[in-house]
Amino acid sequence: MSTVNARIFPNSYRDSVELMQIAAEIESLPGIDRAGLVMATPANREVLAAAGLLSEATASAGPNDLVVAVAADDEGAATQALERAAERLAGPGTEGPSETTRTDARTLAEGVAEIGANLALISTPGTYATAEALKALKRGLNVFLFSDNVPVEDEIELKSMARARGLLVMGPDCGTAILDGVPLGFANAVRRGTIGLIGASGTGLQQVSCLIDRYGAGVSQAIGVGGRDLDERVGGEMMLAALERLGADPGTALIVLISKPPSASVAELVLTAAGHVGKPVIINFLGGDPAKVTAAGLIPAATFEAAAATASAMALGRPVSSDDALGIVATDQGAGPAGDDTSSRAVHDAQASLVPAQWRIRGLYSGGSLAGEAKLVLGASLGVVAAKLHEIVDLGDDEYTVGRPHPMIDPRLRNEHLAAAAADPSTAVILLDVVLGYGANADPAGALASAIRTARDDAARADRRFAVVASVCGTSSDPQDLVVQERRLAEAGVILAPSNARAAVLAARIVAPAAVAAGMHP
Amino acid sequence: MISDAVPRRISRAAVEPLRVQSIYRSVINITTADGLLTVAGEGGGLPNGIVADLGPDWRAIGLHPGMVADASDAKLRVPDAGLEIEFAGASRWSPRLAAPAELVDVAAARWTRRAAATRAVARARASAGGFGPLLREDVPYGRDRYVDVARPALAALIVALEIGDRRRAAEAATRLIGLGSGLTPSGDDVLVGIEAALHALARPTAGFVALATGGVEARTTALAATLLRHAAAGEFAERLHVLLATLMGSDDEAIPAAIDRAVAWGATSGTDCLLGVLIGLDVAAGVHRALD
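These numbers were taken from a predicted model, which means no experiment stands behind them. (Residues numbered from 1 in each chain as written. Chains lettered and ligands numbered in written order. Predicted model: local features only at pLDDT ≥ 70, side-chain atom pairs only at ≥ 80, totals over all residues. Heavy atoms only, no water.)

On to the overall build of chain B. Looking only at helices and strands, one finds ten helices and nine strands in chain B. Residues classed as buried in chain B amount to 60% of the 292 residues present. Residue pairs at least 24 apart in sequence account for 64% of intrachain contacts in chain B once pairs closer than 6 positions are excluded. In the form shown here, chain B has an accessible surface area of approximately 10500 Å², with 54% of it arising from carbon and sulfur atoms. (Helix = DSSP H or I, 4+ residues; strand = E, 2+ residues; numbered from the N terminus. Buried < 20%, exposed > 50% of the residue type's maximum accessible area, 1.4 Å probe, protein only. Contact = heavy atoms within 4.5 Å. Areas by Shrake-Rupley, 256 points an atom, 1.4 Å probe, with all protein chains shown as cover.)

Our next topic: the confidence of the model for chain B. Interpretation of the predicted coordinates at a detailed level should be avoided for regions scoring low in pLDDT. Residue and element names in this part refer to chain B. Confidence in the prediction of chain B, expressed as mean pLDDT, is 87, and 94% of residues score 70 or more. Across chain B, helix H6 (residues 186–200) holds the top mean pLDDT of 96, while helix H1 (residues 6–12) sits lowest at 69. Interface scoring of the predicted complex returns ipTM 0.78; its pTM is 0.55. (pLDDT = per-residue confidence, 0-100.)

All names here are of chain A. Taking 1.5 Å as the rise per residue, helix H6 (residues 152–165) with 14 residues should run 20 Å; its terminal C-alpha atoms sit 20 Å apart, in good agreement. Along H6, the positions that sit buried rather than exposed are Val152, Asp154, Glu155, Leu158, Lys159, Met161 and Ala162. Here the buried face of H6 lies against helix H5 (126–138), strand E5 (142–145), strand E6 (169–170) and helix H8 (237–248). Within two residues after H6, Gly166 carries a phi angle of roughly 70°, on the positive side. (Expected span 1.5 Å × (residues − 1).)

So, about the sheet that holds strand E2 (residues 32–39) of chain A. All names here are of chain A. Ordered by their spatial adjacency, three strands build an open sheet running E1-E3-E2, and the pairing between neighbours is antiparallel. Strands at the two margins of the open sheet, each flanked by one partner only, are strand E1 (3–9) and E2. Strand-to-strand twist across the sheet, computed as the mean angle between neighbouring axes with direction ignored, equals 15°. Sheet topology places E2 next to strand E3 (residues 66–72); seven bridges connect them, and they run antiparallel. By the bridge assignment for E3, Ala35 is matched with Val70. (Pairing = 2+ DSSP bridges. Axes fitted to C-alpha atoms, helices over the stretch in contact; angles between N-to-C directions.)

Now the structure itself:
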């Protein structure tokens with residue numbers, strides 16, 4: 001158990017090199033994890049806090065006080081270190097800075113000068129991201145803005161500047177892009193082809209591109225524009241700019257536009273522009289009105305799977321057909337639909353294991369767009385009112401990711417929620433997405449499988465079972481390998497669906513009888 | 001030698017007694033209602049100060065923190081220590097830094113020509129402490145917590161100054177105030193250096209720090225707060241005047257020695273100020289800057 005302790009030296013000053021040397025000296029003492037010696041200004045206190053070095057002892061320190069803070073294995077080691085620091089501060093000063101090891105500087109300027117870069121990928125904390133992006137735009141670079149927590153006012157400013165300069169700002173909070181075959185962010189290893197994708201939806205873009213790969217077609221470009229691009233305030237600036245680019249791209253034969261529910265006026269603007277692009281355009285605006293899409297001479301798709309299947313069929317010259325009200329499209333290449341024998345058996349087995357109190361779906365998502373799609377599908381399957389009784393959480397939302405990694409990178413947050421969901425006696429189905437790709441966790445299914453087994457064991461002790469339904473968004477060329485990841489989940493007893501939409505349909509089918517019996521569904 | 005800003009400070013402070021704040025080997029700081037008044041034995045003129053000779057070690061002349069001092073146009077006294085500094089024979093010096101309009105373009109052009117070479121000299125000679133790693137450009141993330149915080153804030157500041165956005169510059173400056181080690185934390189020294197360069201080249205963004213100094217006394221040390229307020233008003237230490245005159249002057253060969261003198265100020269303040277000056281000159285002269 002680590003302890004943090006500190007001592008204040010009021011109105012005290014020693015030169016900064018000496019303070020660094022004292023810090024290094026006491027950090028080398030046994031039982032000391034880290035140390036800080038600085039004037040207790042608010043800025044320095046923030047740094048100390050971030051380093052876990054702020055203790056109650058420093059609460060009264062002001063900007064003219066020197067604070068010595070240590071994190072130690074135990075109180076004794078901390079006290080010893082503070083006494084050593086006090087001795088050093090009372091003694092004569094030392095001289096001379098120590099040498100540091102030189103490493104190669106990596107700058108935007110070097111990127112431009114040395115490799116002729118035309119794009120900057122920015123992944124700083126949101127507070128700093130705007131300045132970095134402005135800087136890149138000023139240097140004539142397109143921007144892939146991975147950072148989240150960027151204010152919408154900044155986004156508007158950045159996109160306005162980009163439009164004026166003929167550049168793209170992909171983001172903020174842009175998870176994915178594939179540009180000239182180069183994957184950025186969480187992107188997956190998908191086959192190259194003639195389908196151009198533009199998405200205001202990171203995992204939506206991933207799901208569509210992965211399914212296109214699964215169906216045997218390929219992607220020319222995948223341009224993420226950030227989840228707020230089709231917000232009223234942003235006005236679809238980058239979707240319109242990207243549309244122009246793909247319209248002019250000779251390698252792109254047809255275009256898919258993907259978004260969470262857009263603002264009505266922006267949607268209209270985009271549909272009008274798409275209608276004039278001169279190439280077939282498939283519109284996958286979750287919850288959008290297909291009649292408006294059709295009226296604009298465009299092709300509607302209600303789900304990511306429908307968008308991928310339609311685009312793939314068109315690119316490969318195959319017929320397109322829709323098999324249900326969700327717009328889920330059956331193709332020869334698609335993995336088994338939700339109603340096939342295998343999944344029917346899985347649904348039946350899951351239903352048989354539930355007790356009457358278990359009726360609820362708990363969706364724990366790492367992808368915001370996939371979570372949005374799941375809600376939509378549950379609404380279509382169970383009825384909008386009944387669907388709201390179930391819970392679909394986007395754990396990648398800003399409210400969960402401030403100061404901690406995205407759940408697609410670090411599985412701990414979702415595993416905590418999974419344990420809580422499993423402990424809820426009303427939980428019948430835990431619905432999950434597993435997103436693969438270059439930037440994602442190296443073994444997300446492995447981490448989940450372990451948490452699922454533990455949760456199942458805990459539930460079994462209370463004589464309860466629950467079903468886990470998941471889809472894996474990825475390809476067999478991804479670093480994590482779709483086949484390997486699906487196998488890990490199957491071994492943990494997870495019911496697998498080939499797409500997120502079908503996973504949600506399966507979950508709905510499992511709970512429907514129990515929910516009706518419990519009086520939760522009409 | 002006495003800064004002509006000192007009588008202003010003394011007159012404003014008349015309503016409240018002055019007190020000795022701290023005593024070092026050759027520096028005394030005295031609190032006034034308008035910031036610190038500094039008496040220094042070396043290092044040239046200070047915007048808030050008086051240069052005097054009070055012997056080899058000022059800690060041995062009977063001064064203690066909290067002692068009451070008084071001052072007038074004619075003298076500064078600490079009666080309990082028997083200390084009296086007469087101004088009558090002192091030379092007056094103006095800390096205000098402003099370039100003659102007709103020389104600004106010439107100076108900017110000179111800087112543009114020699115910026116890269118000067119940076120190379122500074123890189124080789126900068127201190128490893130403070131924000132020196134930013135000047136030395138050997139700064140992987142994770143090695144120094146303060147540098148890690150400073151770097152993106154400085155990058156944001158540079159962009160803001162490049163696009164002439166004083167509000168955004170002040171926001172970035174706020175993140176630097178009070179950041180880092182030393183009696184004048186590194187972030188404050190950098191800001192002073194940047195302001196000096198902007199004033200020297202008469203840029204419209206000069207004075208941006210004024211937008212960030214509201215309540216600054218609660219956010220940084222008393223000395224740093226005082227120097228920031230002077231910087232916002234275009235007033236700087238004599239050594240900064242000399243450094244800038246050399247960096248924008250006609251003699252290329254004088255630059256390495258000027259850099260050496262600059263990095264020798266204090267433990268890290270010189271390097272931090274120099275970092276700010278180089279950033280400020282680059283921004284003011286439109287030299288492409290790569291602090292990413």
